Amino acid sequence: MKTDELQRVFAAMRSQMLRFARLQLRSEAAAEDAVQEALLAAHMAADQFAGASSVRTWVFSILKNKIIDELRRRVREGNVMDFAAAEDEMKDIDELFDQRGHWAAPPMAWPDPEAALDNQQFWVVFEACLDGVPPKHGRIFMMREILGLETEEICKELAISPSNCWVLLHRARLGLRECLSQRWFGEQK
Amino acid sequence: MMNCKEATQLLSQGQERTLTLVERLGLKLHLLICKGCRASERHFDFLRTAARRIGSPEP
Ligand SMILES: [Zn+2]
């Protein structure tokens, strides 16, 4: 691809990439760095791209890898929350169930959830929910579902057992579902 | 019979690993009688779809 063409594709992607990186890294500066590095790498590989869609795919996979590297670095440096100690964040989830483990208030089906995916406003709410659940839950859910890491990799990165990982993901999903029910799908409890 | 907390645990774990036959049968039985957990199954699927969309390079 020609340089000016490539620049246009980059410019169009930049804000989406920044949002994505900010959500994962929780730091404006770290997000800027990751996006900058990914774009630079793409710039140097400009000859390989046949069209805008191949650039996007490529740049996004580079960006994901940069984010994963940065998360790894934080774990290595001990600059990360203690994932093994999740007990303190269990209370809100336990309130969903009664003493016998049945729903305190059974969740309702969402009307036409697919339609939400095409709604800009939905994504604002979704990101707010990812920010709103306990940080450990949000972090592990994003590693799994947004960065697309396998559970085994996450366990290894965070030095937790698979069952611990499953517990956190379960809680993350319940928390996110509650948040979307309340803030987007308008479930009345 | 498993309760809803256990059923949603299995629904979530079913996205991480292959459930055992016993787990699958128990879950199936629970879903037959529990509307809240049937809704949860669809909610969890939707969360996965939505999250993967965020990481997709499409504009
Ligand atoms: Zn149930």
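This section reports on the structure supplied with the text.

What counts as what
- Residues numbered from 1 in each chain as written.
- Chains lettered and ligands numbered in written order.
- Predicted model: local features only at pLDDT ≥ 70, side-chain atom pairs only at ≥ 80, totals over all residues.
- Heavy atoms only, no water.
- Donors = N, O, S within 2.8 Å, 3.2 Å for Na, K, Ca; no water.
- Helix = DSSP H or I, 4+ residues; strand = E, 2+ residues; numbered from the N terminus.
- Buried < 20%, exposed > 50% of the residue type's maximum accessible area, 1.4 Å probe, protein only.
- Disulfide = S-S within 2.5 Å.
- Contact = heavy atoms within 4.5 Å.
- Buried area = accessible area lost by both parts, 1.4 Å probe.
- Salt bridge = Lys/Arg side-chain N within 4 Å of Asp/Glu carboxyl O.
- Polar contact = N/O pair within 3.5 Å; in protein donor to acceptor, adjacent residues only side chain to side chain.

Looking now at the coordination of the zinc ion. All names here are of chain B. The protein atoms that coordinate the zinc ion are Cys4 (SG), His30 (NE2), Cys34 (SG) and Cys37 (SG), at distances of 2.0 to 2.4 Å. Of note, the donors binding the zinc ion are all from one chain and are spaced C-x25-H-x3-C-x2-C. On the criterion of sequence distance, the pair formed by Cys4 in helix H1 (residues 4-13) and Cys34 in the loop between helix H2 (21-33) and helix H3 (35-54) is long-range, its members being 30 residues apart. With a relative accessible area of 3%, Cys4 lands in the buried category. Relative accessible area serves as the criterion here: at 10%, Cys34 is assigned to the buried category.

On to the state of the cysteines. Residues and elements named next belong to chain A. All told, the structure shown has one disulfide over all chains when counted by the stated rule. The disulfide that involves Cys129 links it to Cys179, with 2.0 Å between the sulfurs. On the sign convention where negative is left-handed, the bridge of Cys129 and Cys179, at about -80 degrees about the S-S bond, is left-handed. With Cys129 in helix H6 (residues 120-132) and Cys179 in helix H9 (residues 162-183), this pair connects stretches of sequence that are 50 residues apart. Residue Cys129 is classed as buried on the basis of its relative accessible area of 0%. For Cys179, a relative accessible area of 14% puts it in the buried group.

This brings us to the interface of chain B and chain A. If you look at the interface, chain B gives 32 residues, while chain A gives 40 residues. Interface area, chain B with chain A, both sides summed: about 3,200 Å², of which 63% is carbon and sulfur. Contact with chain A buries area across many residues of chain B, yet B:Glu16, B:Phe46 and B:Ile54 alone supply 22% of it, more than any other trio. Taken together, the links from chain B to chain A amount to four salt bridges. Across the salt bridge formed by B:Arg48 and A:Glu145, the nearest N and O atoms sit 3.0 Å from each other. Where chain B touches chain A, the interface holds 16 residue pairs in polar contact (both at pLDDT 80 or more). Contributing elements (two or more residues each) for the side of chain B that touches chain A: H1 and H3 of chain B.

As a further point, take the environment of A:Asp47. One can find A:Asp47 in the loop between helix H2 (28-44) and helix H3 (52-76). Residues A:Asp47 and A:Met1, 46 residues apart in the sequence, show an inter-C-alpha distance of 5.8 Å.

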